[in-house]
Amino acid sequence: MRFPDAFYSMGVTLAAGFSLSWFKKTFAKAEDFKDVVDSANDSTVGANGLLFAPYIVGERAPYADADIRGSFIGIDGIHQRHDFVRAVLEGISFSFRDILDIYEENGAKFDTVVSIGGGAKSALWQQIQADIFNVKVVSLKNEQGPGLGAAMLAAVGLGWFDSIQECTKVFVSFKDVFLPKPDNVKKYRRLHDIYKQMYPSTKQITSDLIKYREEEL
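Since the model is a prediction, treat every value here as computed from it, not as a measurement.

Taking 1.5 Å of rise per residue, the 19 residues of helix α8 (residues 198-216) would be expected to cover 27 Å, and the 26 Å separating its terminal C-alpha atoms lies within 8% of that figure. Taking the largest bend as the criterion, α8 deviates by roughly 30°, centred on Q204. Within the span of α8, buried status applies to M198, Y199, T202, T206, S207 and I210. Contacts made by the buried residues of α8 are with β2 (51-53), β3 (71-73) and α7 (182-195).

What follows is the structure, encoded as structure tokens:
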């Protein structure tokens, strides 16, 4: 892996990482976090036609909007809880995809996404990321991603290594590798186009709801 071509999947957007914790706390308090995530295996790509916008505490990237709020779109009588879990996982990943798009529009190219934090503990979620990002997704043997990165920068700064690339060969070891599945990539590309309509379509509605709630307090 060439270090500059790697993107680290973590708390890039404001609410994405918080969304799954919120869902578990609200709808699955007594259950193991991994069991909740793994239940999404019982759903399908696209969560049987259910989309989730993860803007539950506002957003900062790619939309700098403190008033935008999250939403589930497409709720149907057929949907079960595992569909909602899958929609949350996919919505968070679509939010990261938005950030990748910005980088790529400005000339950056990524061949690898390094998954760290809670997302790295679920094989399903990492596969979803690989399919939505359409790149290889890897997890680290050392889960302390931010701390490891800081140590690497310090090591290069102290002159122990000539470059980040050289340092990476010593410090970074991968645990799991997930490759995009072409059929899923095609489906997620279509779903992401639909997902991108959610922010402009709900912006005014959620802003009005916030004003209403403030007035009623």
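Per-chain confidence: the chain averages 86 in pLDDT, with 87% of residues scoring 70 or above. In the model, residues 1-11 has pLDDT below 50 throughout and makes 39 contacts with residues more than four positions away in sequence or in other chains.

The next point concerns the packing of helix α3 (residues 81-105) against helix α4 (residues 123-133). Direction vectors running N to C along α3 and α4 enclose 40°, while the axes themselves pass 9 Å from each other. The angle between the axes of α3 and α4 places the two elements in the oblique class. In the crossing of α3 with α4, the sense of the turn from one axis to the other is right-handed. Counted together, R86, L89, E90, I92, S93, F94, F96, R97 and L100 of α3 and L124, W125, I128, Q129, I132 and F133 of α4 form the full contact between these two elements.

Conventions used here
- Residues numbered from 1 in each chain as written.
- Predicted model: local features only at pLDDT ≥ 70, side-chain atom pairs only at ≥ 80, totals over all residues.
- Heavy atoms only, no water.
- Helix = DSSP H or I, 4+ residues; strand = E, 2+ residues; numbered from the N terminus.
- Expected span 1.5 Å × (residues − 1).
- Bend = angle between axes of the 7 residues up to and from the residue.
- Buried < 20%, exposed > 50% of the residue type's maximum accessible area, 1.4 Å probe, protein only.
- Contact = heavy atoms within 4.5 Å.
- pLDDT = per-residue confidence, 0-100.
- Axes fitted to C-alpha atoms, helices over the stretch in contact; angles between N-to-C directions.
- Parallel < 35°, antiparallel > 145°, perpendicular 65-115°, else oblique.
- Left-handed = near helix turned anticlockwise from the far one by under 90°.

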